[in-house]
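# Examining the three-dimensional arrangement
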Amino acid sequence: MSPLIELVGITKDYGAFRALSDVHLQILPGCTGLLGPNGAGKSTLIKVLLGLVHCTAGHGHVLGIPLGTHATAIRSQVGYMPEDDCYIHGLSGIETMQLAARLTGMQSTEAIRRSHEILDFCGAGQERYRSVETYSTGMRQKLRFAMAIVHDPALLILDEPTSGLDPEERVAMLNRIRILTRDFGKTVLLCTHILPDVQSVCSRVVILAAGQVRISDSLEQLSRLPSPALFVHFAGSAERFHAALRQYNLASHISGPQQMQIAGTAEDHSNLIWQAAAVSDCTIRGLVPSRNSLEQIFLDAVGQVQHAHS
Amino acid sequence: MPIHDPGYRTWQGPVAPLATRWMVIAEVGIRRAWLSSWLRRMMFFAWLPACVMGFMVLLYEQTSANDPSAGRTMLGLSRMLIDPRSAASSSFTDVQTALERRDQSPESERHLFWSALLTTLFRRSQPFILIPMLGIIVPPLISQDFRSRAFLLYFSRPITRLHYILGKAACVMFFLASVTLAPALLLFAAAVLLSPSLSVLASTWDLSLRIVAASLTIMIPCTCLSLMLSSLASESRYASFAWFAIWIFGELAWTTASRSAAVGSNVVISCLSLFRVFSDVTAWILDPRLVMDDIQTRLVLLAALSAVSLAVLFRRVSAPMQI
């Protein structure tokens, strides 16, 4: 797969402050999560991708279009959903949508038809005829998402698309992102602080910290532990189960209430684990390969930077 | 829930050229501004002077055809409409002298009469409409975009700063043209139609070009200045206050300075008030017989004002992206 976004040595300085430092990055088709603590340079990276700011050094391309000189060509194929509220005073939802569509070059009539179609897809009802100022946070979020996809872009950059949404709306929003990625082949760059969202829809993850790319890999690859282990969810006495496992020479540690992590693979040790459970009078409720959580990966990546700085 | 929900569908269709995107911004700006009832009222009053002058043209044509002396009386009246106490009043003596000579041909008399009416329109009535009108419509144009972060909506699309500024400027110019260029051109067209024959065009055609030039002289600096003020604040009321302050304090400074000034410093003093500068320049453009002192200084001032305003405007519009 050829990368849709490729950045080579991108550096961006705001005066004396270096927001991005020698960023090398490849974004493949599919959904990629862009993670990073506050001030990591995520917003600057998005601005560089959209051609809103010029990078101090480095080069790259977005959808095969070189950065820097062809910003409008890039933006005509990219849908950007900003995190911040953005609307035009006095316009209704449908008028705002129509404006967004027309700014990408759609004819007036086609823009209004397409706006209705996309608002239907986003689950917006009759409130589309109300002024945007009267919208709730969730409705504004939907409108921003709708504006980002109205011109059917090949690449979507979504900045915190689920923040401020109730659980039901959050699931619906993630489903829409999933549909666009899976059924319509859109490439999505999902910038968020909500790690379960990334785990839910993204296949790859990029972690940015202190203006540098710390991690850029598939989620599958990242969540593998350095040495294989099994995660057991059980019912019964943890002490007795732990002692029984020791009798069978299995290294284990209690990772939580009614949870145990055991070194080794299921092929080699599952029989012994079942026997230990029988001996200790415990019931095994779940036995799966143990994985690194995204939270742990994120904390490790950010922690490395903080450690280096201290 | 829609009656027919096909879910997401891909889209392919004709895309308008990039160079026309500013028109979308202008159209939205015009539609939003037109929602103001104050603007609609002002627009009504902006056309009244042109209607009155159209009636004066009708009277002139009727009376001068039967009695040339009555026509001359009307011509004299029209010249009196132009403020004789203004800074440029001394220059009107040439015209007064020409009138007194009584050797004007009907064509040159008509030209004189029409240009007097147009000068009056540009000097005496329209400024009092366009200043408050711009004070209402322009301040929110850019400042509200900053406050509601609408620039993200614009600049995440294939829109450049130039398109954005062009769109906003076109919106302002549309309203300015509808209170300066449009009534003046329509007055000219009405005057041609009310005259005895279309042959009058041969002696008055230059007035149409002068109207366009005078209108542009007002429209370009006013647009640049008002948009710049709008871009300087995220609260539109501050921009509005600054806009009115420029005109009011300028006029007060001119009044104070002109009372205590020495003879010969008229140009410098008149430059204190934008109102006077526009007044003198448009009068000079519309009536070639007026001899203005050092008109170049005023033209340079307007050009510099436009250039500086544009430079600040471009800088301000790109500022939010640098954050």
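Thresholds applied
- Residues numbered from 1 in each chain as written.
- Chains lettered and ligands numbered in written order.
- Predicted model: local features only at pLDDT ≥ 70, side-chain atom pairs only at ≥ 80, totals over all residues.
- Helix = DSSP H or I, 4+ residues; strand = E, 2+ residues; numbered from the N terminus.
- Buried ≥ 20, exposed ≤ 12 C-beta atoms within 10 Å, placed from the backbone.
- Contact = placed C-beta atoms within 7 Å.
- Expected span 1.5 Å × (residues − 1).
- Bend = angle between axes of the 7 residues up to and from the residue.
- Pairing = 2+ DSSP bridges.
- Axes fitted to C-alpha atoms, helices over the stretch in contact; angles between N-to-C directions.
- Nonpolar A, V, L, I, M, F, W, Y, C, P; charged D, E, K, R; others polar.
- Domains from an automatic or database assignment.
- Core = buried A, V, L, I, M, F, W, Y, C linked by C-beta atoms within 7 Å.
- Parallel < 35°, antiparallel > 145°, perpendicular 65-115°, else oblique.
- Left-handed = near helix turned anticlockwise from the far one by under 90°.
- pLDDT = per-residue confidence, 0-100.

### Focus on the overall build of chain A
The helix and strand tally for chain A stands at 11 helices and 14 strands. Seen through its principal axes, chain A has C-alpha atoms that stretch 75 × 45 × 35 Å.

### Describing the overall build of chain B
Check the secondary structure of chain B and you find 14 helices and 0 strands. Starting at the N terminus and ending at the C terminus, chain B contains elements arranged as α-α-α-α-α-α-α-α-α-α-α-α-α-α. Looking at chain B residue by residue over its 323 residues, the buried ones come to 40%. Counting only contacts in chain B whose residues sit at least 6 apart along the sequence, the fraction spanning at least 24 positions is 81%.

### Quick word on helix α5 (residues 106-137) of chain B
Helix length check: α5 of chain B, at 32 residues, gives a terminal C-alpha distance of 43 Å against a target of 46 Å (1.5 Å per residue), a fit within 8%. In the structure, α5 of chain B departs most strongly from a straight axis at Gln126 of chain B, where the bend amounts to approximately 55 degrees and where the proline Pro127 of chain B lies between one and four residues downstream.

### Thoughts on the sheet that holds strand β11 (residues 229-235) of chain A
Picture the strands of a sheet paired through backbone hydrogen bonds; they go either parallel or antiparallel. Residue and element names in this part refer to chain A. Pairing is antiparallel in the open sheet, where 4 strands are placed in the order β12-β13-β11-β14. What marks the edges here is a single partner per strand, and that holds for β12 (252-256) and β14 (283-289). Taking the axes of each pair of neighbouring strands and ignoring which way they run, one obtains an average angle of 30 degrees across the sheet. Relative to β14, β11 is paired through 6 bridges, and the arrangement is antiparallel. The partner of Val232 across the bridge, within β14, is Leu287. Against the sheet, helix α9 (residues 238-247) makes contact with β11, β12 and β13 (259-263), and its axis sits at roughly 155 degrees relative to β12, the strand it touches most. Where helix α10 (residues 266-279) meets the sheet, its contacts fall on β11, β13 and β14, and the angle it forms with β14 comes to roughly 165 degrees.

### Things to note about unusual backbone geometry
Residue and element names in this part refer to chain A. The backbone of Asn249 sits at a positive phi, close to 60 degrees, despite the residue not being glycine. Locating Asn249 in the fold gives a position in the loop between α9 and β12. A count of 8 C-beta atoms within 10 Å places Asn249 in the exposed class. The phi dihedral of Gln258 is positive, around 65 degrees, even though this residue is not glycine. As for its position among the elements, Gln258 is in the loop between β12 and β13. Since 17 C-beta atoms lie within 10 Å of it, Gln258 is described here as partly exposed.

### Examining the pairing of β12 of chain A
Residues and elements named next belong to chain A. One ladder, built from 4 bridges, connects β12 with β13; its direction is antiparallel. Considered in β13, the bridge of Gly256 is made with Gln259. Linkage of β12 to β13, two consecutive antiparallel strands, is achieved through a turn of 2 residues, within which Gln258 is found at a positive phi near 65 degrees.

### Structural notes on the interface of chain B and chain A
Facing the 32 residues of chain B at the interface are 36 residues of chain A. Its residues placed into classes, the side of chain B that touches chain A shows 18 nonpolar, 8 polar and 6 charged.

### Side note on the domain arrangement of chain A
Along its sequence, chain A is carved into domain 1 (5-223) and domain 2 (229-289). Put simply, the middle of domain 1 of chain A and the middle of domain 2 of chain A, counted by C-alpha atoms, are 44 Å apart.

### Thoughts on helix α3 (residues 93-103) of chain A
Burial analysis of α3 of chain A places 10 of its 11 residues in the buried class, the great majority of the element. Tucked into the core, α3 of chain A has its buried residues touching α4 (108-121) and α5 (137-149) of chain A together with α1 (21-34) and α7 (151-155) of chain B. After α3 of chain A finishes, the residue Gly105 of chain A shows a positive phi value of roughly 110 degrees.

### A word on the pairing of strand β2 (residues 17-27) of chain A
Residues and elements named next belong to chain A. Two strands pair when backbone bridges link them, and strand β1 (residues 5-14) and β2 are joined in this way by 7 bridges, in the antiparallel orientation. By the bridge assignment, Tyr14 is partnered in β2 with Phe17. Counting the residues in the hairpin turn of β1 and β2 gives 2 residues, including Gly15, whose phi is positive at 65 degrees.

### Quick word on the nonpolar core
Counting 152 residues, the largest nonpolar core has Ala146 and Leu190 of chain A together with Leu117 and Leu118 of chain B as its most contacted members. The element contributing the most residues to this core is α5 of chain B, with 13 residues. Setting aside anything within four residues of it in sequence, one finds Leu118 of chain B in contact with Ala184, Leu187, Leu207, Ile211 and Leu286 of chain B. One finds Ile262, Ile273, Ala277 and Cys282 of chain A within the second-largest nonpolar core, a separate group that totals 11 residues.

### What to know about the packing of α5 of chain B against helix α11 (residues 236-260) of chain B
All names here are of chain B. Direction vectors running N to C along α5 and α11 enclose 160 degrees, while the axes themselves pass 8 Å from each other. Of the possible angle classes, the one that applies to α5 and α11 is roughly antiparallel. Crossing of α5 against α11: the hand is right-handed. Two secondary-structure elements touch here, α5 through Ile131, Leu134 and Gly135 and α11 through Ser240, Trp243, Phe244 and Trp247. For the contact of α5 with α11, the per-class residue count stands at 5 nonpolar, 2 polar and no charged.

### Examining the sheet that holds β2 of chain A
All names here are of chain A. Across the sheet, 4 strands lie side by side as β2-β1-β4-β5; this open sheet has antiparallel pairing. Of all the strands in the sheet, the pair left with one neighbour each is β2 and β5 (65-66). Where helix α1 (residues 42-50) meets the sheet, its contacts fall on β1, β2 and β4 (57-62), and the angle it forms with β2 comes to roughly 65 degrees.

### Structural notes on the environment of Trp34 of chain B
As for its position among the elements, Trp34 of chain B is in helix α1. Once the C-alpha coordinates of Trp34 of chain B and Pro6 of chain B are considered, the two residues, 28 residues apart in sequence, prove to be 36 Å apart.

### As for the environment of Pro49 of chain B
All names here are of chain B. Assignment of secondary structure puts Pro49 in helix α2 (residues 37-66). A count of 20 C-beta atoms within 10 Å places Pro49 in the buried class. For Pro49 and Leu117, which are 68 residues apart along the polypeptide, the C-alpha to C-alpha distance reads 9.9 Å. Those residues within four positions of Pro49 in sequence are excluded, and the remaining contacts are Leu121 and Ser125.

### Concerning the environment of Glu295 of chain A
Residue and element names in this part refer to chain A. As for its position among the elements, Glu295 is in helix α11 (residues 294-309). With 11 C-beta atoms packed within 10 Å, Glu295 lands in the exposed category. For the pair Glu295 and His89, spaced 206 residues apart in sequence, the C-alpha to C-alpha distance is 40 Å.

### Structural notes on the confidence of the model for chain B
Residue and element names in this part refer to chain B. For chain B, mean pLDDT is 84; residues scoring 70 or higher make up 82% of the total. Mean pLDDT in chain B bottoms out at helix α4 (residues 93-101), which sits at 50, and peaks at helix α8 (residues 161-179), which reaches 95. Scored below 50 in pLDDT, residues 85-94 makes 18 contacts in the model with residues more than four places away or belonging to other chains. Per the prediction output, this complex has pTM 0.83; the corresponding ipTM is 0.81.

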